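# Analysis of the macromolecular model
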Amino acid sequence: MRPVLHRVVDRRRESDDVVTLALEPQGGRPWPFRAGQFHMLSAFGVGEAAISVSSPPGDAPVVEHTVRDVGPVTHAMCTAPPGTLVGVRGPFGTDWGIEGAAGDVVVAAGGIGLAPLRGAIHQLLASPRVERVFVVVGARSPAQVMFGEDLEVWATRGARVAVTVDVADRGWRGHVGLVTSLLGPLEYDPARTSALVCGPEIMMRFTARALLDRGVEPSRIRISLERNMQCGLGWCGHCQLGPLLLCRDGPVVTYDGAVPGLLLERER
Amino acid sequence: MGHDDVVVIDDVGLDGLIGALREAGFEPAGPVVRDGAIVPGAIRGVGDLPRGWHDRQAPGHYRLVHSDDRRYFAWAVGPASWKAAVFPPVQEVWRAWERDGALVVSEPPVAGAPMAVIGARPCELAALAVLDGVLGRPPVADPGYETRRERAFLVVVDCAEPGGSCFCTSMGTGPAAADGFDLALTELDDEAGHRFLVRAGTDRGARVLSALATRPATDAELGAREDLLERARAAMGRSLDTDDLPGLLARNLEHPRWDEVAARCLACGNCTSVCPTCFCSDVRDTTDVTGEVRRTRTWASCFDLDHSYLHGNAVRSSTRARYRQWMTHKLSTWWDQFGMSGCVGCGRCITWCPVGIDLTEEAAAIRASDGTFGPGSTAAGAPTGSARVAP
Ligand SMILES: Cc1cc2nc3c(=O)[nH]c(=O)nc-3n(C[C@H](O)[C@H](O)[C@H](O)COP(=O)(O)OP(=O)(O)OC[C@H]3O[C@@H](n4cnc5c(N)ncnc54)[C@H](O)[C@@H]3O)c2cc1C
Ligand code: SF4
Ligand code: SF4
Ligand code: FES
């Protein structure tokens, strides 16, 4: 459970409450990981939080994490100036299964949910077996739209990118509405489509339903789930979701089996 | 001497065994009477064991009574299990401090001498095997747990007097000690005297035993053990029908019995704090005045609201959801997660529940109307629509 020291070498603001940190292992290079996996990040003296890797796997000298400031640990991360030492443990959990992707891929993200998908999108666009990549992104407001540069890069590399906001402002010329409203017009071929979905559970449920209604196989819809996590190792018991220990059997799971029936409101 | 040989010692021999283990570098521990209960404690010799004590147990009820019985182990289980010996209630994970501008992170070594446990019950060894499946599971075994577990010398005693809450027979964990011990004792007290049958389960158990004065057990003594175990099986306070139990609970998550039990449950977490297999922990950081940071891991309960904290709320906010999580985890989803039952039938959660909630009774009530309340049958339910019809 001992974290490995990493130094914050770059800090980039993504939106008013989201920051991407580039971390460099002290005296070494980042260890291998797969898109969709997460690390336990420690802000020394504050605590630890589960944060997905947001950069693509590869041999970059830094590993990136995109953090939304919602509480003590994430606040410390978001305000950590370059040079700060943070602790990293992992990588933990399941991944998006990019190696097996082929045909059409629909990537749907809500809010901070785009962070764990960012590396996957980079990989999908480089995969020879993947034909079309559809990226649909929802944010609460235009100021909350993250990874602006990436969205442009993905579009120029052939992805069909669509962005929507819940609430527009004066400068916004794009779509207004829920992520699911972007799914309808997409011309993917359901029989050859897989989907990667990450966002609030309600968004993932509606997105999955829309995909299922079009005929996408439930076993080819992957969602990334979140629960309280305090170890990442299967020891603390906090991340249970029915039969699953999400730090081990998740966070990425397929939308079949027991999973659909287990989501939030079932547990209340 | 092979592992299968059964030999006999008397209480002087048992005292000698405790002494020999101490000489060998172990810290002897065993059941002791403290604050009106039989609990694990340090022992110097047989004089510290609960001779003549019996426990009377029922849902929400535990009382010790004393008699002139010569036996040391004529009781079932107390509120505290041996879990704490291998998985401490509070443990430091690491501490970190600054030295010459650099951050130093240091993990503490496993403290203390290895423990020799004298007088664990068979269900307690089964509970350790369950914890092995969680905390001792490669490739991510908890090193502190593993060290304490591997070092501990375990002397188990067959159960002769099960309690009113016990159901180890249903769970296949007792009353006989089957495996997982260094030495196993059976306490006999009849016309031929007060004595212990002893079997070794490991090489180191056999080595310790070979240094003691023993004699081979007679056929009559082996028969007496069988009789004792047969009487214990018949005296089991409760039973649990385990036939398709994981499936039964998995398909009855919307059974109205969960509301019924939630109306009685206080969400106090007593059941989780006495259970020998509950393994949940919280991980927290604190900082002292010198700036030294300490990360601590502490036993946690799924009855705490914070246990399922997410985005400013608890995922399992109702008592219904929390009781259901606890019971379905023990009896159903533990199988999915770890390939075994999370319950060994020790009965502690029944005895120590202030309102006497009994999971065997809850499971039986659900079984009695299995199939009546299928998933999605609640008015508020059917959350996933089309996903449900998918195969
Ligand atoms: C697999 C996974 C991947 C995630 N990826 C990201 C990501 O890429 N970017 C991002 O911004 N967020 C991510 N999160 C959410 C992030 O872990 C929580 O927002 C964070 O733990 C909140 O901690 P806090 O102390 O800042 O705030 P608070 O929510 O106020 O925390 C208060 C207390 O609750 C505890 N707590 C709250 N939420 C959690 C949790 N999920 N697990 C454990 N303890 C919790 C904290 O430890 C703290 O002690 C992810 C979560 C999971 C499970
Ligand atoms: S659930 Fe109850 S009976 Fe089963 S092992 Fe835990 S305390 Fe014992
Ligand atoms: S079942 Fe009993 S012991 Fe457990 S939380 Fe409820 S009232 Fe407390
Ligand atoms: S995060 Fe601790 S068990 Fe999964």
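Just so it is clear, the structure is predicted and the values come from calculations on it, not from any experiment.

## Brief notes about the overall build of chain A
When helices and strands are counted, chain A shows eight helices and 15 strands. Reported as C-alpha extents along the three principal axes, the dimensions of chain A are approximately 50 × 45 × 40 Å. Relative to its 268 residues, chain A shows a buried fraction of 58%. The contacts in chain A between residues at least 6 apart in sequence include a share of 70% that link residues at least 24 apart. Approximately 10,200 Å² of chain A is accessible, and the part contributed by carbon and sulfur atoms is 54%. If the 27 positive side-chain charges of chain A are averaged to one point and the 28 negative ones to another, these points end up 1 Å apart.

## Some thoughts on the site of ligand 3
Around ligand 3, the surrounding shell holds 13 residues, and the nearest of these are Cys265(B), Leu266(B), Cys268(B), Cys271(B) and Cys353(B). For the shell around ligand 3, the residue count by class is eleven nonpolar, two polar and no charged.

## Let's talk about the domain arrangement of chain B
Residues and elements named next belong to chain B. Along its sequence, chain B is organised into domain 1 (3–234) and domain 2 (245–368). Each of domain 1 and domain 2 was reduced to a C-alpha centroid, and the two centroids are 26 Å apart. Taken together, the contacts link 42 residues of domain 1 with 37 residues of domain 2. When domain 1 packs against domain 2, close to 3,400 Å² is buried across both sides, 64% of that on carbon and sulfur atoms. Linking domain 1 with domain 2 are four salt bridges. For Arg95, the salt bridge goes to Glu292, with nearest N and O atoms at 3.1 Å.

## Looking at the site of ligand 2
All names here are of chain B. Taken together, 13 residues lie near ligand 2, and Cys275, Cys343, Cys346, Gly347 and Cys349 sit nearest. Going through the elements one at a time, helix 11 (319–338) and helix 12 (348–351) are the ones with two or more residues in the shell around ligand 2. A breakdown of the residues in the shell around ligand 2 according to their chemical character gives nine nonpolar, two polar and two charged.

## Some points on unusual backbone geometry
In this chain, Gly90(A) is followed by Pro91(A) through a cis amide linkage whose omega measures 0°. Its location among the elements puts Pro91(A) in strand 6 (residues 85–92). Of note, the phi angle at Asp35(B) is positive, near 50°, even though the residue is not glycine. Summarising the element assignment, Asp35(B) is placed in the loop between strand 2 (27–34) and strand 3 (37–42). The class of Asp35(B) is exposed, set by a relative accessible area of 77%.

## Section: the domain arrangement of chain A
All names here are of chain A. Under the domain assignment, chain A is made up of domain 1 (4–92) and domain 2 (98–262). Distance between the C-alpha centres of domain 1 and domain 2: 21 Å. In this assembly, 25 residues from domain 1 lie in contact with 22 residues from domain 2. Buried surface at the junction of domain 1 and domain 2, summed over both partners, amounts to about 1,800 Å²; 57% is from carbon and sulfur atoms.

## Observations concerning the nonpolar core
Judged by nonpolar contacts, the single largest core of 77 residues is most densely connected at Val106(A), Val197(A), Leu211(A), Ile221(A), Ile223(A), Leu225(A) and Leu246(A). Looking at this core, the element that brings in the most residues is helix 3 (residues 122–135) of chain B, giving nine residues. In this structure, Leu211(A) is in contact with Val106(A), Tyr188(A), Ala195(A), Val197(A), Val216(A) and Ile221(A), ignoring residues within four places of it in sequence. Counting residues in hydrophobic clusters, the runner-up holds 33 residues, among them Leu185(B), Ala200(B), Ala206(B) and Leu209(B).

## Points about the interface of chain A and chain B
At the interface, 41 residues of chain A touch 55 residues of chain B. Interface of chain A and chain B: buried area, both sides summed, is about 4,000 Å²; carbon and sulfur atoms make up 51% of it. Our count for the contact surface shared by chain A and chain B stands at two salt bridges. Taking the shortest distance from any N to any O, the salt bridge between Glu48(A) and Arg295(B) comes out at 3.1 Å. Summed over the shared surface of chain A and chain B, the result is 20 residue pairs in polar contact (both at pLDDT 80 or more).

## Re the packing of aromatic side chains
Residue and element names in this part refer to chain B. Tallied over the entire structure, the rule returns 16 aromatic pairs over all chains. Ring geometry for Phe73 and Phe196: centres 6.2 Å apart, planes at 75°, overall edge-to-face. With a gap of 123 residues between them, Phe73 in the loop between strand 5 (61–66) and helix 2 (83–86) and Phe196 in strand 11 (residues 193–200) connect regions that are remote in the sequence. When sorted by exposure, Phe73 lands in the same class as Phe196, which is buried.

## Description of the sheet that holds strand 9 (residues 153–157) of chain B
Residue and element names in this part refer to chain B. What the eight strands build is an open sheet, ordered 3-2-8-9-10-11-1-12; its pairing is mixed. This sheet does not close on itself; its edge strands, each paired only once, are strand 3 and strand 12 (215–216). In this sheet, strand 9 lies alongside strand 8 (residues 115–120) in parallel orientation, the contact comprising four bridges. Residue pairing across strands places Ile118 opposite Val155, the latter belonging to strand 9. Helix-sheet contacts for helix 3 involve strand 8 and strand 9, and the interaxial angle to strand 9 is about 140°.

## Concerning the pattern of salt bridges
Evaluation of the coordinates by the stated rule reveals 47 salt bridges over all chains. Of the charged contacts, one joins Arg51(B) and Asp11(B) as a salt bridge, the two residues approaching to 3.1 Å between their closest N and O atoms. Of the two residues, Arg51(B) is situated in the loop between strand 3 and strand 4 (53–58) and Asp11(B) in helix 1 (residues 11–23); the sequence distance between them amounts to 40 residues. In this structure, Arg71(B) engages Asp69(B) in a salt bridge whose closest nitrogen and oxygen atoms are separated by 2.8 Å. A single burial state applies to Arg71(B) and to Asp69(B), both of which are buried. One salt-bridge network, in which partners are shared between bridges, spans Arg12(A), Glu14(A), Glu64(A), Arg118(A) and Asp150(A).

## Some points on the confidence of the model for chain B
Residue and element names in this part refer to chain B. Confidence along chain B averages 92 in pLDDT terms, with 94% of residues attaining 70 or more. Contacts for the low-pLDDT stretch residues 376–391, under 50 throughout, to residues beyond four places or in other chains number 24 contacts. Scored by ipTM, the complex comes to 0.93, with pTM at 0.93.

What counts and how
- Residues numbered from 1 in each chain as written.
- Chains lettered and ligands numbered in written order.
- Predicted model: local features only at pLDDT ≥ 70, side-chain atom pairs only at ≥ 80, totals over all residues.
- Heavy atoms only, no water.
- Helix = DSSP H or I, 4+ residues; strand = E, 2+ residues; numbered from the N terminus.
- Buried < 20%, exposed > 50% of the residue type's maximum accessible area, 1.4 Å probe, protein only.
- Contact = heavy atoms within 4.5 Å.
- Areas by Shrake-Rupley, 256 points an atom, 1.4 Å probe, with all protein chains shown as cover.
- Lys, Arg positive; Asp, Glu negative; His and termini not counted.
- Charge placed at Lys NZ, Arg CZ, Asp CG, Glu CD.
- Near = heavy atom within 4 Å.
- Nonpolar A, V, L, I, M, F, W, Y, C, P; charged D, E, K, R; others polar.
- Domains from an automatic or database assignment.
- Buried area = accessible area lost by both parts, 1.4 Å probe.
- Salt bridge = Lys/Arg side-chain N within 4 Å of Asp/Glu carboxyl O.
- Core = buried A, V, L, I, M, F, W, Y, C linked by side-chain atoms within 4.5 Å.
- Polar contact = N/O pair within 3.5 Å; in protein donor to acceptor, adjacent residues only side chain to side chain.
- Phe/Tyr/Trp six-rings, centres within 6.5 Å; stacked < 30°, edge-to-face > 60°.
- Pairing = 2+ DSSP bridges.
- Axes fitted to C-alpha atoms, helices over the stretch in contact; angles between N-to-C directions.
- pLDDT = per-residue confidence, 0-100.

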